[in-house]
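Residues per chain, in single letters:
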Amino acid sequence: MKITRLDTYIVEIPFTDGGKGHDVTPTTWNTLENVLVRVEDECGNVGWGEAFGYFVANATRALIQRLFMPLLVGREVHDIAQWNLDTQLALHLFGRYGVTTFALSGVDMALWDLKARREGVPLHRLLGEATRTSIPAYASLVRYGENSVAPMVCQKALEQGFKTIKLHEVSIEEIARCRDAIGADTPLASDVNCAWKEEDVRTWLPRLAGLKLAWLEEPIFPPEDFATLASLRGAGVPISAGENWCTTHQFEQALKMGAVDSIQHSVTKVGGITECLRIAELASLHDTVVLPHTPYFGPGLIATLHLAAVQPTVPQVEYLYVQPQGWLYDVRGLLHDGELSVPQGPGLGLDMDMNVFERFQRN
């Protein structure tokens, strides 16, 4: 397919969550920054992708415009996976991880959507053999802090049909309160975003095991300290990480070292759909659970559903438990009793709501 256009947009949608909005991120987090990538072929077919943009949207967009546009526009792409590798090599001077790979992710995703639309098939048809038409989703809460509303929000999510809850609390007391609120049988995980020291984690593991955590996510800094992560396993608390690892190479090193019980790569950060497929093969080889990182409501979430449809080892996907002021896609229409339906139309399978796109677009 010959690519004739590549355009980028930032769509920033405010949301509410009942929290303070500044316990995880360096500044207040109350908007969803979507870096959207649009590619068009010589026949007028269009594909959409999403590159990670929270707090770095302008930088991600600038990289796509400056570095990726000359490598793609006016050229033919016969093999997206090979194009992905060639582009990684061409741009390695600008960093193998971080914003460069975020940008690659969005362009790669748009190319896959375009290819599926050209062929008139759902994206998952190009990725493998789908084994299901809906994927369980867990409610991923924001961080509320101590003496907060987190236990109440947990109960509300369960009432809405979610079967698993993930916290972002860093206080064991708060985690324990949430466990008491939802009972012993509901799966409960917590992502502490690298907030704990190694020695503290070792001290707290017995109590966390008693709380029956489904998994403990990114307990230490740096998140790519594979040796330390591996040493924390086997204490009754499954260890998970990966949202801040980029490319297949980092995941291969982590899995070889036995760093985690489950991996959490993000299609908008890791290198796109192409890298997600490669990582899925590694996970299968190492018998490791895949729990995709998907705090998105744009193409990133929809692409993840297509990937999960062809990967039976993905038990569930992440659903960011917030209330946006607008929806780029009808995600609420996909959600039924804690499961997200896999769209069956061509490409990503859903049309973007251009009214929402235009309402919240920014420079």
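The structure presented is a predicted model; accordingly, all values stated were derived computationally and were not measured.

Undergrad: Would you take a moment to explain the UniProt feature "domain: Mandelate racemase/muconate lactonizing enzyme C-terminal" (unreviewed entry) in the chain for this structure?
TA: Residues annotated in UniProt with the feature "domain: Mandelate racemase/muconate lactonizing enzyme C-terminal" (unreviewed entry) correspond here to residues 149-238. Between the first and last C-alpha atoms of residues 149-238 the distance is 26 Å; the span itself is 46% helix and 13% strand.

Undergrad: Can you walk me through the pattern of salt bridges in this structure?
TA: This structure, assessed with the given rule, holds 18 salt bridges. In this structure, R202 engages E198 in a salt bridge whose closest nitrogen and oxygen atoms are separated by 2.8 Å. Here E198 and R202 lie together in helix α7 (residues 198-210), a separation of four residues that amounts to about one turn. R202 gets classed as partly exposed once you look at its relative accessible area, which sits at 34%. Of the residues examined, E198 reaches a relative accessible area of 32% and is grouped as partly exposed. E252 is paired through a salt bridge with K256; the nearest N and O atoms lie 3.7 Å apart. Residue E252 and its partner K256 are both found in helix α9 (residues 247-256); the two are separated by four residues, about one turn of the helix. Overall, K256 belongs to the exposed group, its relative accessible area being 56%.

Undergrad: Please clarify how the packing of aromatic side chains should be interpreted in this entry.
TA: A complete count under the given rule lists 17 aromatic pairs for this structure. For the pair F52 and F102, a centre-to-centre distance of 5.1 Å together with 70 degrees between the ring planes defines the contact as edge-to-face. Of the two residues, F52 is situated in the loop between β3 (46-51) and α1 (57-72) and F102 in helix α3 (residues 99-119); the sequence distance between them amounts to 50 residues. Seen in terms of ring centroids, F52 and Y296 are 6.5 Å apart; in terms of plane orientation they differ by 75 degrees. Their pairing is edge-to-face. Linking F52 in the loop between β3 and α1 with Y296 in the loop between β10 (289-290) and α11 (299-309), this pair joins segments that are 244 residues apart in sequence. The residues F52 and Y296 share a single accessibility class, namely buried. Ring pairs connect the aromatic residues F15, W29, F52, Y54, F102 and Y296, which therefore count as one cluster. The positively charged end of K269 is found above the aromatic ring belonging to F52, 4.4 Å away from the centroid.

The rules behind each value
Residues numbered from 1 in each chain as written. Predicted model: local features only at pLDDT ≥ 70, side-chain atom pairs only at ≥ 80, totals over all residues. Heavy atoms only, no water. UniProt positions renumbered as here; feature names shortened; annotations may be inferred. Helix = DSSP H or I, 4+ residues; strand = E, 2+ residues; numbered from the N terminus. Salt bridge = Lys/Arg side-chain N within 4 Å of Asp/Glu carboxyl O. Buried < 20%, exposed > 50% of the residue type's maximum accessible area, 1.4 Å probe, protein only. Phe/Tyr/Trp six-rings, centres within 6.5 Å; stacked < 30°, edge-to-face > 60°. Lys NZ or Arg CZ within 6 Å of the ring centre and 35° of its normal.

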